[in-house]
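# Structural overview for review
Single-letter residue listing:
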Amino acid sequence: MSVCETASPLRDSPQLPRSTDGEPVFPEPWAAEAFAMTVHLHERGLFSWSEWAERLSAELHKPDRAEDGSDYFDCWVAALSSLLVDRGVTDGQTIRALQESWQRAAEATPHGMPILLENDPQR
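Residues numbered from 1 in each chain as written. Predicted model: local features only at pLDDT ≥ 70, side-chain atom pairs only at ≥ 80, totals over all residues. Heavy atoms only, no water.

Before going further, it helps to examine the overall build of the chain. The number of helices and strands found in the chain is 4 helices and 0 strands. Overall, the chain shows an N-to-C arrangement of helices and strands of α-α-α-α. For the chain, with 123 residues in total, the buried portion stands at 27%. Total accessible area on the chain stands at roughly 8300 Å², and carbon and sulfur atoms take up 54% of it. (Helix = DSSP H or I, 4+ residues; strand = E, 2+ residues; numbered from the N terminus. Buried < 20%, exposed > 50% of the residue type's maximum accessible area, 1.4 Å probe, protein only. Areas by Shrake-Rupley, 256 points an atom, 1.4 Å probe, with all protein chains shown as cover.)

In structure tokens:
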């Protein structure tokens, strides 16, 4: 089995939205990118499967989370962000600044065009 064919344990994440054939379903492209980034960082040894599962579970069970699971990938990104901060890869201020930059880029991008970070008028 090649590396590309090896199933990651992250595919078995609790409450991961799935299609009828069992494949992960992503509501937006950013969610698929967050998933892929998490798989990559796990495979590179930044965190173990058990650390990831514990962090994601903690986010999913916070009292302010949507009961219908509609914020699942928001929880995913919050869990990944906190792991990156804890591991010293980045800090919360840098993450917030990038989030704000992406938001400005989205607001400045004409409808139907790809959202690019370069579209942030403050960059």
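Take the pattern of salt bridges next. Across all of its chains, the model carries 6 salt bridges by this definition. Notably, a salt bridge pairs Arg55 with Asp86, separated by 2.8 Å at the nearest N-O pair. With Arg55 in helix α2 (residues 49-60) and Asp86 in helix α3 (residues 72-86), this pair connects stretches of sequence that are 31 residues apart. Relative accessible area serves as the criterion here: at 23%, Arg55 is assigned to the partly exposed category. The partner of Lys62 in a salt bridge is Glu59, with the nearest N and O atoms 3.1 Å apart. Residue class for Lys62 comes out partly exposed when judged on its relative accessible area of 38%. Its relative accessible area of 8% is what places Glu59 among the buried residues. (Salt bridge = Lys/Arg side-chain N within 4 Å of Asp/Glu carboxyl O.)

A few words now on the confidence of the model for the chain. On average, residues of the chain carry a pLDDT of 87, and 88% of them reach 70 or more. Across residues 1-6 the pLDDT falls below 50, and counting only partners more than four positions away or on other chains, this stretch makes 1 contact in the model. (pLDDT = per-residue confidence, 0-100. Contact = heavy atoms within 4.5 Å.)

Here the largest pocket defines a volume of roughly 990 Å³. Lining the largest pocket we find 22 residues, and of these Trp30, Glu33, Val77, Gln99 and Trp102 sit closest to its centre. Mapped onto the lining of the largest pocket, the elements with two or more residues apiece are α1 (29-43), α3 and α4 (92-108). Its residues placed into classes, the lining of the largest pocket shows 16 nonpolar, 3 polar and 3 charged. (1 Å grid on protein atoms, 1.4 Å probe; cavity = no way out; pocket = protein on both sides within 12 Å on 5 of 7 lines; lining within 4 Å. Points joined across faces, edges and corners; volume = space filled by probe spheres on them. Nonpolar A, V, L, I, M, F, W, Y, C, P; charged D, E, K, R; others polar.)

Owing to its 3.6 residues per turn, the α-helix aligns residues three or four sequence positions apart on the same side. End to end, α1 covers 21 Å across 15 residues, agreeing with the expected 21 Å (1.5 Å per residue, within 8%). For α1, the full list of buried residues reads Ala31, Ala34, Phe35, Thr38, Val39, Leu41 and His42. Where the residues of α1 are buried, they touch α2 and α3. (Expected span 1.5 Å × (residues − 1).)

Here we come to the packing of aromatic side chains. Enumeration according to the criterion identifies 8 aromatic pairs in this entry. Both rings, one in Phe73 and one in Trp76, keep their centres 5.9 Å apart while their planes meet at 45°; by these two values the pair is tilted. One end of the pair is Phe73 and the other is Trp76, both in helix α3 and 3 residues apart, which spans about a single turn. Comparing Phe73 with Trp76 shows no difference in burial state: the two are buried. Through a chain of ring-to-ring contacts, three or more aromatic side chains come together here, namely Phe26, Phe35, Phe47, Trp52, Tyr72, Phe73 and Trp76. (Phe/Tyr/Trp six-rings, centres within 6.5 Å; stacked < 30°, edge-to-face > 60°.)

In terms of nonpolar packing, the biggest core is built from 18 residues, with Trp52, Leu56, Tyr72 and Trp76 touching the most fellow members. Looking at this core, the elements that each hand over two or more residues are α1, α2 and α3. No other element matches the 8 residues that α3 contributes to this core. (Core = buried A, V, L, I, M, F, W, Y, C linked by side-chain atoms within 4.5 Å.)

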